[in-house]
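Residues per chain are reported as follows:
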Amino acid sequence: MKTNHLRTYLLVVAVFLCSNIRAQRFTALLKTLAIDYPQEKLYLQFDRTLYNPGETIWFKAYLFEGQFPSQISKTLYAELTDAKGKVLQCITLPVVMSSAAGSMNIPADVSGPVFVRSYTKWMLNFDSSFLYIKAISIIAPQKTTGKLPVTSLSKTNPVTTSSSFSVQFFPEGGDLVQGVESRVAFKATNNGIPVKIAGDILDSKGGKITSFASIHDGMGTFILQPQGGEQYKAVWNQQGQNLEKLLPTAKENGIVLEADYYGNQIEFKIKRSSNTPAYPFVYVVVQMHQQQVYKAKAYMGKTLTATGIIPTENLPAGIVQVTIFTPDEQPLAERIIFVNLSGYSFITNLNAVVSDTAKRGKNVIQIEVPDTLSCNISVAITDADLSPGQSDGNIYSQLLLTGDIKGYIFNPSYYFSNDADSVANHLDLVMMTNGWRRFKWEEVMTGHFPKLNYIPENYISIEGQVQGLNKTLLSGKEINGILELKSKKKEFLNTPVQPEGKFTFSGMIFYDTAKFFYQFNKDKKKTLTSRAGFDIKSSLLKEPLHLQPGNSLLWGLRESDTATLTKNKDVLYKQQLNGFVSQKIKTLKMVVVTTKIKTKQDLLDEEYTSGAFRNDPGEHSRTILPEDDPAFLSSQNLISYLQNRIAGLQIDLSRTENAVTWRGLATSLFVNEISQEALGFTPPYEGKIIQDDSYILTIPMSDVVMVKIFDPPFFGDWGGGPGGAIAVYLKKARTGNQMMKGLDYTLLPGYSPVREFYSPDYSSPAQSDIADYRPTLYWNPFVITDKNHQRIELTFYNNDITKKMKVIIEGCNENGKLTRVERILE
């Protein structure tokens, strides 16, 4: 499989320790990994960090491959489980602009924390420990007797009275070698939580060799030159107890790798003992995201030490892996290093245009991204007193750090809090006490690559197998299909049948369950269709993973302070008295709708639109009625009319693909909610056959009853697009019901139905008296900026009780740079 983007800047010029390098095998192997086995990683932004039972979790997923937004997978899976791995809910979502948005309902009777696991099919080909998973804190109320319930944070701090103290030692490069001075890193924890430690290193006779003391989150280093025949141990006092642990045994022969990152370069030193057989040379190979960034040959036949410099000024922020190999390409030592702890983000400005924390007060925030690139960001605004700050990571730490290494990292967001040298030094301690294992050199060098059980998903595919017919009968045959959605809208499809009887319709976006009617093309009497058997299924995974979450996931959860628990207790009690937020919101929306006088647009919406196409007009969609604009009927065609009225809409009819773009991204076109980008035949319109995308140009303007325009990105009932959508509705259109009479059909699952976050508009005169205790005041997973739309204003209303609002903005641009803003409004 080939990647869709080149990373030429990763291929920096190698600085050679010799004039000639013949070993091209490393380059070839890494190229194979990069092209055929690229690996994805995920970050999920949640609307809050703390929830009550019965509430809704809203999230936005960002899908990356290395340093770039991933172009590999187009379907995302997400599961909500309990601590035992029982799946409480499983949803599937389309990926647009390398991201997806969804929601999950927390059961009202849940006890203990819940876990959100997310992945793509492609990610299942690789180590499951790199699948995204996060523990979510749940407030656990006790039973009430008409009084305020006693509330606690259920199992969010796993530290118990019984100690589980652990100290681990990590020689730099992997091994201690007799007679060679080495740097040894260590990490001390208690039930996964870092603890301070200080002690001594003793030899076998009890003599003190050196001292050690942690300098950050239980981590530190010391220098040791082990001698032959010695076994060293660490001794320390912990809570009045004298404890000890043996250090790793030093090898008689081997090499030691020492590396330091200074400025824009890595300075490394390779050392061997005098009694180690001298290799004529060793290879130094450096890779980042399975891309080779440095290769050298260091001659050590007549010296005990070799040094070198690896330039990093052209590398992005992230982890590089330095590996030393023998002449016969066996790995000897390894070190991971984080480079360029800066330049990974872009600026996002947040301004409070209108700030009102009064009961149901109106608020307006302005988001400005002074960048010409397309940026995809999400915005969560919550009651700051109900949702404590997070310490278990953010978009920076997940996509640059924890998503690439194994093992638990305490408070990973700290390492991206600023670019001070002290923070960089602390991050290097994390590098020395954790491993990078997205692939193992030992396996790759012997030709053992990951087994690919899944191919990348191009949205939903309908996969079929014809049975009972030989190749002669199948030769040149095609399958006609009609996909009928829940909304009764239909999509007409056609595809050839392969000689072995397989056929596929791919690249589809539809929601809930659909009926798929099918028969052979030009088989009006169903003679051939009735003779054949058909096995038809959707490409979506049928079952969740059923993996039990590890206990280490609980280490990142923190006990909330008394004030936070008290306010959550009050809100939960009031919700129980007035009905949960979801019920209240539904009631509020019904009250507003029933008191509204229906306009012509409302009536047309009810008659013509369905599903995601029936969005309320607002900041993300607009509706054009021909009678509202005298220029409509006089326009040459629909596209020329819209091009002059939608800023950023570009049309190039000479292109065979993506002829219509909006803000540089492909725009989806629909006629009567039927995609004009699907392959094969499309339904007849008044005796005509729609053959390609240019059909929309031939529609008489007098036949159009309504046009709906959806800002990017758009997730429709059938299709979706990063560049938004244009939906055209015609006065007369045949339904195609007669075409489906007598056809066989099967039911196919689609993506999980989309739920829209409801934010009340208290400027309307018709309002409900039901109390408003919403903990999340505003949630918008798709705020898109570009060179023509650098400034966006968002409006929301306060609830009845919030006095302090927390705004969190996270996102990325098209080049993979990240952004994060956290602000308190009060």
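Residues numbered from 1 in each chain as written. Predicted model: local features only at pLDDT ≥ 70, side-chain atom pairs only at ≥ 80, totals over all residues. Heavy atoms only, no water.

Trainee: Sorry, what's going on with the overall build of the chain here?
Mentor: Along the chain, the regular secondary structure elements total 13 helices and 51 strands. The long-range fraction of contacts in the chain, counting pairs at least 24 apart against all pairs at least 6 apart in sequence, stands at 72%. By element, 49% of the accessible surface of the chain is carried by carbon and sulfur atoms, the whole surface being about 36300 Å². (Helix = DSSP H or I, 4+ residues; strand = E, 2+ residues; numbered from the N terminus. Contact = heavy atoms within 4.5 Å. Areas by Shrake-Rupley, 256 points an atom, 1.4 Å probe, with all protein chains shown as cover.)

Trainee: Mind showing me how you'd approach the nonpolar core here?
Mentor: Note that soluble globular proteins tend to have their nonpolar side chains buried in a common cluster. Grouped together as the largest cluster of nonpolar side chains are 60 residues, with contacts concentrated most on F46, V466, F516, F520 and F534. Residue contacts for F516: discarding those within four places in its chain leaves I462, G481, I482, L483, L493, F505, I536, D744, Y745, T746 and L748. Judged by nonpolar contacts, the second largest core, of 26 residues, contains F338, L399, Y415 and L429. (Core = buried A, V, L, I, M, F, W, Y, C linked by side-chain atoms within 4.5 Å. Buried < 20%, exposed > 50% of the residue type's maximum accessible area, 1.4 Å probe, protein only.)

Trainee: Even after reading the chapter, I still don't get the confidence of the model for the chain, so can you show me in this structure?
Mentor: Low pLDDT marks stretches whose predicted atomic positions should not be read closely. Considering every residue of the chain, the mean pLDDT works out to 84; 84% of them sit at 70 or more. This model gives residues 144–152 a pLDDT under 50, and the stretch forms 20 contacts once residues within four places in sequence are excluded. Across residues 154–162, where pLDDT falls below 50, the model places 20 contacts with residues more than four positions away in sequence or in other chains. (pLDDT = per-residue confidence, 0-100.)

Trainee: Looking at this structure, I do not really get the pattern of salt bridges. What am I missing?
Mentor: Working definition: two side chains of opposite charge can pair if their charged atoms are close together. Under the definition given, this model contains 28 salt bridges. Where R360 meets D800, a salt bridge forms, and the shortest distance between an N and an O atom there is 2.8 Å. Of this pair, R360 sits in the loop between β26 (349–354) and β27 (362–368) while D800 sits in the loop between β49 (791–797) and β50 (805–813), placing them 440 residues apart in sequence. The pair formed by R360 and D800 is uniform in burial state, with each residue classed as buried. The shortest N-O distance in the salt bridge between D711 and R622 comes to 2.7 Å. (Salt bridge = Lys/Arg side-chain N within 4 Å of Asp/Glu carboxyl O.)

Trainee: How do you make sense of the sheet that holds strand β25 (residues 331–339) when you look at a structure like this?
Mentor: Across a sheet, strands are paired by hydrogen bonds formed along the backbone, either parallel or antiparallel in direction. Here four strands make up an open sheet; going across it, the order is β22-β21-β24-β25 and the pairing antiparallel. Because the sheet does not close on itself, it has two edges, and the strands there are β22 (291–299) and β25. The mean inter-strand angle of the sheet, taken between neighbouring strand axes irrespective of direction, is 15°. Bridge count for strand β21 (residues 281–288) against strand β24 (residues 318–325) is five bridges, and the pairing is antiparallel. Opposite Y283, over in β24, you have F325 as the bridge partner. Running over the sheet, helix α1 (residues 25–36) touches β21, β22 and β24 and is turned about 165° from β22. (Pairing = 2+ DSSP bridges. Axes fitted to C-alpha atoms, helices over the stretch in contact; angles between N-to-C directions.)

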